[in-house]
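# Analysis of the macromolecular model
One letter stands for each residue in the lines below.
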Amino acid sequence: MVAIGILGSAGRMGRAIAAAIPEYDARLAGGVDAGGDVRALAEAADVLVDFTHPRALPGNLAVAAETGTPILIGTTGLSPNDHAAIDAAALEIAVLQTGNTSLGVTLLARLVREAAARLGPGWDIEIVEMHHRAKVDAPSGTAQLLGAAAAEGRGSSLGELAVIGRAGLTGDRAEGTIGIASLRGGSVAGDHQVVFAGPGERIELGHRAENREIFARGAITAARWLAGRAPGRYTMAQVLGL
């Protein structure tokens, strides 16, 4: 039975994960929040699940690497420096970083990549995401994940193709770009729509999260898969065998 330690246990996702663990062949090793003993938790857990804040990531990664504890990172709003730190930690431990732990979103990303690869640059790609009013980062990690999948399908990177929001006299849409728009309001758990707009027709691929439990279940599924893995950087797609 895999022992899961939760970093950010008092947050929305931390509470949802703790509540869902009894549904699986897993047990709760404990949880910590700001100021808590991360090392003690890492030593007691087979795998850590981190839904905290980018500021806490370097310290959490360092402890995980020192104790040899695999870690799943679901924290969003990460910087290039954060990703470099994850790459370094993955040389010593198994690390899975993702903008979304939903199994449905994981499959959606694969569909988006395939569509982008097969339709070509003549089809414009627009991503629209909406979350609850308390979400602090934009675009969402999921929107970026889907944008990266679309860019990969076109043999490029999201950094090269992304257009984040539009305002004023923007001129004609540049061919091949990937637009991302963010909406915030109410209690929306997460809505994402990827629109492929071609001459005279559109394809819309989307996902709607009805509650946070889907992310918690995906995180637990991924954490159980990650426990015991060799050092390296893993993805949710690998969890599904995609």
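Quick look at the structure, then. The structure displayed is predicted, hence computed values, not measured ones.

Two numbers describe a pair of aromatic rings. These are the distance of the centres and the angle of the planes. Applying the stated rule across the entire model yields 1 aromatic pair. Between tryptophan 225 and tyrosine 234, the ring centres sit 5.4 Å apart and the planes meet at 80°, which makes this aromatic pair edge-to-face. Given a relative accessible area of 19%, tryptophan 225 falls into the buried group. Between arginine 229 and the ring centre of tryptophan 225, over which it is positioned, the NZ or CZ distance is 3.8 Å.

Moving on, we get to the side chain of arginine 154. Looking at the secondary structure, you find arginine 154 in the loop between α6 (141-153) and α7 (158-161). Comment: no salt bridge for buried arginine 154; closest opposite-charge side chain is aspartate 124, at 6.2 Å. A polar atom in the side chain of arginine 154 sits 2.9 Å from the backbone oxygen of glycine 120. Beyond its immediate sequence surroundings of up to four residues, arginine 154 is in contact with Ala116, Gly120, Pro121, Trp123, Ile125, Gly176 and Thr177.

For the rest of this paragraph, the subject is the pattern of salt bridges. For the structure shown, the criterion picks out 12 salt bridges. Measuring nitrogen to oxygen at the nearest pair gives 2.6 Å for the salt bridge that ties arginine 233 to aspartate 87. With a gap of 146 residues between them, arginine 233 in strand β11 (residues 232-234) and aspartate 87 in helix α4 (residues 80-89) connect regions that are remote in the sequence. Between aspartate 137 and lysine 135 there is a salt bridge; the shortest N-O distance is 3.1 Å.

Paired through backbone hydrogen bonds, the strands of a sheet run either parallel or antiparallel to each other. Read from one edge to the other, the open sheet built from 6 strands follows the order β2-β1-β3-β4-β5-β11, with strand pairing classed as parallel. At either margin of the open sheet sits one strand with a lone partner, and together these are β2 (26-32) and β11. Ignoring strand direction, the axes of neighbouring strands in this sheet form an average angle of 25°. Of the strand pairs in this sheet, strand β3 (residues 47-50) and strand β4 (residues 71-73) are connected by 3 bridges, and their pairing is parallel. Paired with aspartate 50 across the strands is isoleucine 73, a residue of β4.

Ile4, Ile17, Val49, Phe51, Leu72, Leu96 and Leu226 are the most contacted members of the largest nonpolar core, which has 28 residues in total. Among the elements that take part in this core, helix α8 (residues 213-226) stands out by supplying 8 residues, more than any other. Counting residues in hydrophobic clusters, the runner-up holds 20 residues, among them Ala116, Ile125, Ile180 and Phe196.

This next bit is on the pairing of strand β10 (residues 201-209). Pairing geometry for strand β9 (residues 190-198) and β10, over 9 bridges, is antiparallel. When the bridges of β10 are listed, aspartate 191 appears paired with arginine 208. Counted between consecutive antiparallel strands, the loop separating β9 from β10 contains 2 residues, among which glycine 200 sits at a positive phi close to 80°.

We now examine the sheet that holds strand β7 (residues 162-164). Strand order in the open sheet made by the 5 strands is β7-β8-β6-β9-β10, with mixed pairing throughout. Single-partner strands in this sheet number two, and they are β7 and β10. Recorded for the sheet is a direction-independent mean angle of 15° between the axes of neighbouring strands. Here strand β6 (residues 124-131) runs beside strand β8 (residues 178-184); their pairing, made up of 7 bridges, is parallel. Paired with glutamate 129 across the bridge in β8 is serine 182. Contacting β6, β8 and β9, α6 crosses the sheet at an angle of about 165° to β6.

Let us now look at the packing of helix α5 (residues 103-119) against α6. The contact between α5 and α6 brings their axes to 7 Å, and the two run at 30°. Crossing of α5 against α6: the hand is right-handed. Taken together, the residues of α6 that come into contact with α5 (itself represented by Val105, Leu108, Ala109, Val112, Arg113, Ala116 and Ala117) are Thr142, Leu145, Leu146, Ala149, Ala150, Glu152 and Gly153. Here the residues of the contact of α5 with α6 sort into 10 nonpolar, 2 polar and 2 charged.

Rules and cut-offs
- Residues numbered from 1 in each chain as written.
- Predicted model: local features only at pLDDT ≥ 70, side-chain atom pairs only at ≥ 80, totals over all residues.
- Heavy atoms only, no water.
- Phe/Tyr/Trp six-rings, centres within 6.5 Å; stacked < 30°, edge-to-face > 60°.
- Buried < 20%, exposed > 50% of the residue type's maximum accessible area, 1.4 Å probe, protein only.
- Lys NZ or Arg CZ within 6 Å of the ring centre and 35° of its normal.
- Helix = DSSP H or I, 4+ residues; strand = E, 2+ residues; numbered from the N terminus.
- Lys, Arg positive; Asp, Glu negative; His and termini not counted.
- Salt bridge = Lys/Arg side-chain N within 4 Å of Asp/Glu carboxyl O.
- Polar contact = N/O pair within 3.5 Å; in protein donor to acceptor, adjacent residues only side chain to side chain.
- Contact = heavy atoms within 4.5 Å.
- Pairing = 2+ DSSP bridges.
- Axes fitted to C-alpha atoms, helices over the stretch in contact; angles between N-to-C directions.
- Core = buried A, V, L, I, M, F, W, Y, C linked by side-chain atoms within 4.5 Å.
- Left-handed = near helix turned anticlockwise from the far one by under 90°.
- Nonpolar A, V, L, I, M, F, W, Y, C, P; charged D, E, K, R; others polar.

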